[in-house]
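Remarks on the overall topology
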Amino acid sequence: MIEIKQLCKSFPMPDGSQLQALDNINLTINDGEIFGIIGLSGAGKSTLVRCINLLERPTSGQVLLDGKDLTAMGPKELRKARQGMSMIFQGFNLLMQRTALENICFPLELNGLRGEAGWRKKRARELLEIVGLPDKADSYPSQLSGGQKQRIAIARALASDPKVLLCDEATSALDPTTTQSILALLKELNRSLGVTVVVITHEMRVVQQICSRVAILDGGVIQEEGAVADIFSNPRTEAGRRLVMPEGKKIHVLPENRLVRLVFNGASAGEPIISGLAAKQGIMLNIISADTRSIGDETFGEMVLGLPQDETEAARALIYLREVPGVTAEEVTDYVQ
Ligand SMILES: Nc1ncnc2c1ncn2[C@@H]1O[C@H](COP(=O)(O)OP(=O)(O)O)[C@@H](O)[C@H]1O
Ligand SMILES: [Mg+2]
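For every chain, the first residue of the written sequence is number 1, and numbering continues from 1 onward in sequence order. As a convention, the first chain written is A and the first ligand written is 1, with the rest following in written order. Reporting in this predicted model follows two pLDDT cut-offs: at least 70 for local features of residues, and 80 or more for side-chain atom pairs to be given and counted; totals over whole chains, interfaces and linings ignore these cut-offs and use all residues. The basis for every side-chain value is the complete set of heavy atoms in the structure, and neither hydrogens nor water enter the calculation.

Okay, the overall build of the protein next. Counting from the N terminus, the helices are the DSSP runs of H or I reaching at least four residues and the strands are the DSSP runs of E reaching at least two. When helices and strands are tallied, the protein shows 11 helices and 14 strands. Across its three principal axes, the protein shows a C-alpha extent of roughly 80 × 50 × 35 Å. Burial analysis of the protein (337 residues in total) assigns 49% to the buried set. Contacts are assigned to residue pairs with any non-hydrogen atoms lying within 4.5 Å of each other. Taking contacts inside the protein between residues at least 6 apart in sequence as the whole, the part at least 24 apart equals 68%. Residues counted as positive are Lys and Arg, residues counted as negative are Asp and Glu, and His and the chain ends are not counted. The atoms used to mark charge sites are NZ of Lys, CZ of Arg, CG of Asp and CD of Glu. Placing the 37 positive and 41 negative side-chain charges of the protein at their respective mean positions leaves the two points 8 Å apart. Each residue is placed in one exposure class: buried if its accessible area under a 1.4 Å probe, protein chains only, is under 20% of its type's maximum, exposed if it is over 50%, and partly exposed if it falls in between.

Along its sequence, the protein is organised into domain 1 (2-84 + 162-242), domain 2 (98-160) and domain 3 (259-332). Domain delimitation follows an automatic or database domain assignment. Domain 1 and domain 2 are separated by 25 Å when their C-alpha centres are compared. When two parts are brought into contact, each loses some accessible area as probed by a 1.4 Å sphere; the total of that loss over both is the buried area. Ranking the residues of domain 1 by area buried against domain 2 places Gln 83, Pro 162 and Leu 185 at the top, with a combined share of 42%. Contacts described as polar in this section are N or O atom pairs within 3.5 Å, which, within protein, must combine one atom able to donate a hydrogen with one able to accept it, while residues neighboring in sequence count only if both atoms come from side chains. In this assembly, domain 1 and domain 2 are joined by three residue pairs in polar contact (both at pLDDT 80 or more). In terms of residues, the side of domain 1 that touches domain 2 owes the most to one element, helix 6 (residues 176-193), which gives seven residues.

Once that is clear, we can look at the nonpolar core. Counting residues in hydrophobic clusters, the biggest one holds 49 residues, and the most contacted among them are Ile 38, Ile 88, Ile 104, Ile 152, Ile 154, Leu 186 and Phe 232. Of all the elements, helix 5 (residues 146-158) adds the most residues to this core, at six residues. Two domains each provide a minimum of three residues to this core, namely domain 1 (2-84 + 162-242) and domain 2 (98-160). Ignoring any residue separated from it by four or fewer positions in sequence, one finds Ile 152 in contact with Leu 94, Ala 100, Asn 103, Ile 104, Leu 128, Leu 133 and Leu 144. Grouping buried Ala, Val, Leu, Ile, Met, Phe, Trp, Tyr and Cys residues that are joined through side-chain atoms within 4.5 Å yields what is termed a nonpolar core. Counting residues in hydrophobic clusters, the runner-up holds 30 residues, among them Leu 54, Val 63, Ala 81 and Ile 222.

This part takes up the site of ligand 1. Neighbouring residues are identified by heavy atoms, a residue being near a molecule or strand if any of them is within 4 Å of it. As a structural note, the neighbourhood of ligand 1 is formed by Phe 11, Leu 19, Ala 21, Leu 40, Ser 41, Gly 42, Ala 43, Gly 44, Lys 45, Ser 46 and Thr 47. The contact in question runs from an oxygen atom of ligand 1 to an N or O atom on the backbone of Gly 44, over 3.0 Å. At 2.9 Å, a backbone N or O of Ser 46 approaches an oxygen atom of ligand 1. With three residues, helix 1 (residues 45-52) is the single largest residue contributor to the shell around ligand 1.

Before going further, it helps to examine the packing of helix 5 against helix 6. Note on method: axes are straight lines fitted to C-alpha atoms, helices fitted across the in-contact stretch only, with angles between N-to-C directions ranging 0 to 180 degrees. With their axes 10 Å apart at the nearest point, helix 5 and helix 6 run at an angle of 20° to one another. Considered as vectors, helix 5 and helix 6 are oriented roughly parallel to each other. In the packing of helix 5 onto helix 6, the handedness of the crossing is right-handed. Every residue of helix 6 that contacts helix 5 at Gly 147, Gln 150, Arg 151, Ile 154 and Leu 158 is listed here: Thr 178, Ser 181, Ile 182, Leu 185, Leu 186, Leu 189 and Leu 193. Note that the term roughly parallel is reserved for angles under 35 degrees, roughly antiparallel for angles over 145, roughly perpendicular for angles of 65 to 115, and oblique for everything else. Crossing chirality is assigned from the near helix's rotation relative to the far helix, an anticlockwise turn below a right angle marking it left-handed and a clockwise turn marking it right-handed.

Along the chain, the position of Ser 86 falls in strand 6 (residues 85-89). Residue Ser 86 is classed as buried on the basis of its relative accessible area of 8%. A distance of 2.6 Å separates a polar atom in the side chain of Ser 86 from the backbone oxygen of Ala 157. Look past the residues within four positions of Ser 86 in its chain and what remains in contact with it is Ala 157, Ser 160, Pro 162, Val 164, Leu 165 and Leu 166.

So, about the packing of helix 3 (residues 100-110) against helix 5. At their nearest, the axes of helix 3 and helix 5 sit 7 Å apart, and the two run at 30° to each other. Here helix 5 runs roughly parallel to helix 3, going by the angle between their axes. The two elements helix 3 and helix 5 cross, and the hand of that crossing is right-handed. Here helix 3 contributes Ala 100, Asn 103, Ile 104 and Pro 107 to the contact with helix 5, which in turn contributes Ile 152, Ala 155 and Arg 156.

The subject of this paragraph is the pairing of strand 9 (residues 213-218). Consecutive residues of a regular strand have side chains that alternate between opposite faces of the sheet. Two strands qualify as a pair provided DSSP detects at least 2 bridges between them. Summarising the sheet, strand 3 (residues 34-38) and strand 9 pair through four bridges and their orientation is parallel. The residue of strand 9 that forms the bridge with Ile 37 is Ala 215. When strand 9 meets strand 10 (residues 221-227), the two strands line up antiparallel, connected through six bridges. In the strand pairing of strand 10, Ala 215 is matched with Glu 225. Between strand 9 and strand 10, which pair antiparallel and follow one another directly, the connecting turn spans two residues, one of which, Gly 219, has a positive phi of 55°.

With that out of the way, let us pick up helix 3. Those residues of helix 3 that sit buried are Ala 100, Leu 101, Asn 103, Ile 104, Cys 105, Pro 107 and Leu 108. Each element contacted by the buried residues of helix 3 is listed here: helix 4 (117-130) and helix 5.

This part covers the pairing of strand 4 (residues 60-65). As judged from the five bridges shared by strand 1 (residues 2-12) and strand 4, these two strands associate in the antiparallel manner. Opposite Ile 4, over in strand 4, you have Val 63 as the bridge partner. In this antiparallel pair of consecutive strands, strand 4 and strand 5 (residues 68-69), the connection spans two residues, and Asp 66 shows a positive phi of 50°.

Sheet architecture is open: four strands sit in the order 2-1-4-5, paired in antiparallel fashion. On the outer flanks of this sheet lie strand 2 (18-29) and strand 5, each paired with one strand and no other. Pairing of strand 1 with strand 2 involves eight bridges; the strand directions are antiparallel. Paired with Ile 2 across the two strands is Ile 29, which belongs to strand 2.

See the structure below:
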């Protein structure tokens, strides 16, 4: 179990002031869970994860691993405790001059773990098997795809048999399909090895796919925390709403288009609503933009539809949409998504 208590971190700035990157963080991450920490860029996520393994020393507060305070440990004790926590990164951080196998052996050499080279190589081959790349032992990082590099980095992280795997934007450099496969691997490792996984990300769908609980970090403060389905279906804070219904680009529309914005709060998906309107009322609507996501059978997010040119049809469509349960429909003019 990781307990973070009243953790603060500030950085001295060149002008003599202090930048408070983390402000009174309190979190408990249970053994064996997959815990998400989500926030926009600059929220303090990387600082938090670096404070968890004490790569960065907190300005104040405590980090307890299985009840032992890492901030109170001497260098030797800390080095040992750190072996229980491994980290993977967005940029993989593999050594380019070493093969995949040698990369995986590297932490074993550093830690002086059960010394002998033959044993290390055997262990590295087992890990290659676990991450699904048994045939890449002799490949160099430059010969591997992004997803394969991250698999090697995961194997390397597992080499010291950690209890905790800290993942800082581990899939942010990968395409959606590769992201899915890496997340599936992390979930499988969590299940089969019982390793606790802390997933740091700016992407809601990453949290949705594998985390059971999530904390929303914004401006160095935990804004809300709880079960993923609860937080994402009913964000209580402004920061939560920003992540669940992100603001993005401005959509320029022709002035003759009347637009309606639908906000989904657990309704059925958007397409059935639109096809229902076509089938029951004979009214066709265009999807101008859609940013919805499903959690179980429920849909969250928003969609902007173009109303028909015909005034009475537009009015009927609005009435229909306003009566759909779990949907808020409002007409918008200059729509900013
Ligand atoms: N070593 C550092 N020195 C000064 N400021 C830092 C340092 N590391 C991070 N920061 C600042 O702390 C804030 C949080 O950064 P970071 O933890 O990297 O956010 P995130 O990972 O969520 O994008 C930012 O304002 C960043 O500029
Ligand atoms: Mg970061």
